[in-house]
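Report on the structure
Given next are the chains, with one letter for each unit.
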Amino acid sequence: GISRMADPAGNYDYNFSPAFKSSMLWNFNRAPKVVLGPDGNLQFPGSVLIPWGGLDMHWVGQDGRTLVYGDVLHDKAGSEFHNYPFDPPCPLPLDPQGPLPDKCY
């Protein structure tokens, strides 16, 4: 499992800003089942998209939106979902044939 993440500024997941968490999207496009955990003792940062499967969440919680086709199991003491809006730093979708923006917002 993922236990530590860092942003471009060197901040770790436990002190990511709400704006940074809102800009994250984990897209598990073809996964029939996603298991997040078991070693996350903090909130899992970002929105989770699982369009063709289910989710077993073993982190204490999540800071983001959760979109899952199948079942969701949230099995951790004190568990909760914080409904941060998904707010990407650039307008989506990006043109796959075009250049990437130098800066967003």
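Quick caveat: nothing in here was measured; it's all calculated off a predicted structure.

Let us look at the packing of aromatic side chains. Considering all chains together, one arrives at 4 aromatic pairs under this definition. An angle of 50 degrees between the planes, with centres 5.3 Å apart, marks the rings of Trp-26 and Phe-44 as tilted. Linking Trp-26 in strand β1 (residues 25–27) with Phe-44 in strand β3 (residues 43–45), this pair joins segments that are 18 residues apart in sequence. The partly exposed category is assigned to Trp-26, whose relative accessible area is 22%. Between the aromatic rings of Phe-44 and Trp-59, the centroid separation amounts to 5.2 Å while the plane-to-plane angle is 85 degrees, which identifies the pairing as edge-to-face.

Turning next to the sheet that holds strand β4 (residues 47–50). Taken in spatial order, the 3 strands make up an open sheet running β1-β4-β7, and their pairing is parallel. Because the sheet does not close on itself, it has two edges, and the strands there are β1 and β7 (66–68). On average, each strand axis in the sheet is inclined to that of its neighbour by 10 degrees, with strand direction left out of account. Looking at chain direction, β4 and β7 are connected through 3 bridges and run parallel. Across the sheet, residue Val-48 finds its bridge partner in β7, namely Thr-66.

There is a patch of nonpolar side chains on the surface, built from Leu-25, Phe-86, Leu-92, Leu-94 and Leu-100 and spanning about 470 Å² of accessible area. Tracing the backbone through its elements, the reader meets Phe-86 in the segment after β9 (80–82).

The rules behind each value
- Residues numbered from 1 in each chain as written.
- Predicted model: local features only at pLDDT ≥ 70, side-chain atom pairs only at ≥ 80, totals over all residues.
- Heavy atoms only, no water.
- Phe/Tyr/Trp six-rings, centres within 6.5 Å; stacked < 30°, edge-to-face > 60°.
- Helix = DSSP H or I, 4+ residues; strand = E, 2+ residues; numbered from the N terminus.
- Buried < 20%, exposed > 50% of the residue type's maximum accessible area, 1.4 Å probe, protein only.
- Pairing = 2+ DSSP bridges.
- Axes fitted to C-alpha atoms, helices over the stretch in contact; angles between N-to-C directions.
- Patch = residues over 30% accessible without salt bridge, like charges linked within 9 Å, V, L, I, M, F, W, Y side chains within 5 Å.
- Areas by Shrake-Rupley, 256 points an atom, 1.4 Å probe, with all protein chains shown as cover.
- Salt bridge = Lys/Arg side-chain N within 4 Å of Asp/Glu carboxyl O.

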